[in-house]
Amino acid sequence: QRLKAAVHYTVGCLCQEVEEDKDVQFSKQSIAAISEITFRQCEIFAKDLEMFARHAKRTTVNMEDVKLLARRSNSLLKYITQKSEELASSNMEQKEKKKKKSSAAKGERTPGEQEAAVTENEDSNMA
């Protein structure tokens, strides 16, 4: 019930924005109908995502399932793919930062630093 109310509220806010931008009016009945359709479509999406994951013998819905769901809308698929790539690169950057911090905290050297140290030791041994 709370989720349904939240969807109704959000649809009402979006309709209000459209009213201001496009100079049109939405009746309360039309807002309620849009809210109901939106809620039902979200339920269908959730079931489809669950089935996609289950078909792949997984228990977790992943980004590929979401892309599969959006396959009929080229613009939505393009947007989801773009956001997915942004998230992936952001996650990689965060992992690299964590690795560097944990290495520095442990006093470990990165591969480049290790190579430089070995070269330095070899130079001092030759002298």
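Just so we're clear, the structure is a prediction, and the values are computed from it rather than from any experiment. (Residues numbered from 1 in each chain as written. Predicted model: local features only at pLDDT ≥ 70, side-chain atom pairs only at ≥ 80, totals over all residues. Heavy atoms only, no water.)

Undergrad: Sorry if this is basic, but what is going on with the pattern of salt bridges here?
TA: A pair can form between side chains of opposite charge whenever their charged atoms are brought close. Counting across every chain of the model gives six salt bridges. Here arginine 40 ties to glutamate 36 by a salt bridge, and the two come within 3.0 Å at their closest N and O atoms. Within this pair, arginine 40 and its partner glutamate 36 are both found in helix H2 (residues 28-55), separated by four residues, close to a single helical turn. Glutamate 36 sits in the partly exposed class, given a relative accessible area of 26%. Between arginine 58 and aspartate 65 there is a salt bridge; the shortest N-O distance is 2.9 Å. For arginine 58, a relative accessible area of 29% corresponds to the partly exposed category. Beyond isolated ion pairs, a larger network of salt bridges with shared partners links Lys4, Glu36 and Arg40. (Salt bridge = Lys/Arg side-chain N within 4 Å of Asp/Glu carboxyl O. Helix = DSSP H or I, 4+ residues; strand = E, 2+ residues; numbered from the N terminus. Buried < 20%, exposed > 50% of the residue type's maximum accessible area, 1.4 Å probe, protein only.)

Geometric values such as these leave the question of function open.
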